[in-house]
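In case you want the letters, here they are:
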Amino acid sequence: MKGGISSIFIDIGGVLFSLDYQRVWNRLCERSGKTVDEVQKALYAEDIFYPFESGDIGAYTYYCEVTNRLSCDISYEEFRNIWNSLLIKDERMFEIVSFLKSQAAILVLSNTNEMNAKYMEQDIKSLTDKAVYSFQAGHLKPDRKIYEYALQVACVLPNRVLFIDDTEENIDAAEALGIRSHLFKNEKELYGLLVSLGFDIPLFQQDSI
């Protein structure tokens, strides 16, 4: 056990994958003839986006709602490809976590919908078989219930967890439950923390980040 940590909970968007929202907006603008503002309003309307993220509505229903609001005649497959195009895998972070998985249990903890989760499935499985997604848990970070659920899935006490996330309110919520947390800004800071806790990441010992 490194630094008292037996499990690492790690976020996806902004940590394991960077997010290119502009790519999604631009492609939907091209296909619908709508403005960026109109596309954003359709995608993130509160009555469909949060239910999609929390699993109250499925991917196909979300697709129908968005395309209807945009009067956009595109197939589900094309919409899915556009929606998933925002995800850009961070190979460096995947390498770091690959070294960690032999030293601590890894659990992915993410506000993620059904469509994105399916797209990332194989990449995530290369790191861990344990994932808590908001659309399955029925709650989104920073709701304490999703952290409590993750602790149950991992069978671990809060003080044995290191949580890595790029959003301050998510960090605050985890810390309120006694979970040690790191606000992810870049790989260099994370690397420094991990090394200080005693984790061995040989790939980067002779390679400056």
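Everything that follows concerns the structure shown earlier in this document.
Everything in this summary refers to the structure shown in the same document.

About the criteria used
- Residues numbered from 1 in each chain as written.
- Predicted model: local features only at pLDDT ≥ 70, side-chain atom pairs only at ≥ 80, totals over all residues.
- Heavy atoms only, no water.
- Helix = DSSP H or I, 4+ residues; strand = E, 2+ residues; numbered from the N terminus.
- Rg over C-alpha atoms; globule rule 2.2 N^0.38 Å.
- Buried < 20%, exposed > 50% of the residue type's maximum accessible area, 1.4 Å probe, protein only.
- Contact = heavy atoms within 4.5 Å.
- Areas by Shrake-Rupley, 256 points an atom, 1.4 Å probe, with all protein chains shown as cover.
- Lys, Arg positive; Asp, Glu negative; His and termini not counted.
- Charge placed at Lys NZ, Arg CZ, Asp CG, Glu CD.
- Core = buried A, V, L, I, M, F, W, Y, C linked by side-chain atoms within 4.5 Å.
- Pairing = 2+ DSSP bridges.

What follows concerns the overall build of the chain. On a plain count of helices and strands, the chain comes out with 11 helices and seven strands. Taken against the 2.2 N^0.38 rule, which gives 17 Å for 209 residues, the C-alpha radius of gyration of the chain at 18 Å falls within 12% of a compact globule. With respect to the three principal axes, the spread of C-alpha positions in the chain is 55 × 35 × 25 Å. Scored against the burial criterion, the 209 residues of the chain give a buried share of 47%. Long-range pairs, those at least 24 residues apart, make up 64% of the contacts in the chain with a sequence separation of at least 6. Counting only carbon and sulfur atoms, one obtains 45% of the accessible surface of the chain, whose full area is about 10200 Å². With 21 positive and 32 negative side-chain charges, the chain shows a separation of 4 Å between the mean positions of the two kinds.

This part takes up unusual backbone geometry. In this chain, Lys-141 is followed by Pro-142 through a cis amide linkage whose omega measures 15 degrees. Within the secondary structure, Pro-142 sits in the loop between α8 (134–137) and α9 (144–154). Even without being glycine, Ser-71 reaches a positive phi, approximately 50 degrees. Tracing the backbone shows Ser-71 in the loop between α4 (59–70) and α5 (76–84). Here Ser-71 falls in the exposed class, since its relative accessible area comes to 62%.

Moving on: the nonpolar core. Within the largest apolar cluster, 56 residues are counted, with the highest numbers of intra-cluster contacts made by Leu-16, Leu-43, Tyr-62 and Phe-79. Apart from the residues within four sequence positions on either side, Leu-43 is in contact with Val-24, Trp-25, Leu-28, Phe-49, Tyr-62, Val-66, Phe-79 and Trp-83. In terms of nonpolar packing, the next biggest core, distinct from the first, is built from 18 residues, Ala-150, Leu-151, Val-161 and Ile-171 among them.

Remember that side chains alternate between the two faces of the sheet whenever the strand is regular. Residues of strand β1 (residues 7–10) alternate between two faces, with Ser-7 and Phe-9 on one and Ile-8 and Ile-10 on the opposite face, all of them buried. The pairing of β1 with strand β4 (residues 105–110) spans four bridges and is classified as parallel. Bridge assignment links Ile-8 to a residue of β4, and that residue is Ile-106. Pairing of β1 with strand β6 (residues 161–165), which is carried by four bridges, proceeds in the parallel orientation. When the sheet's bridge partners are listed, Ile-10 is paired in β6 with Ile-164.

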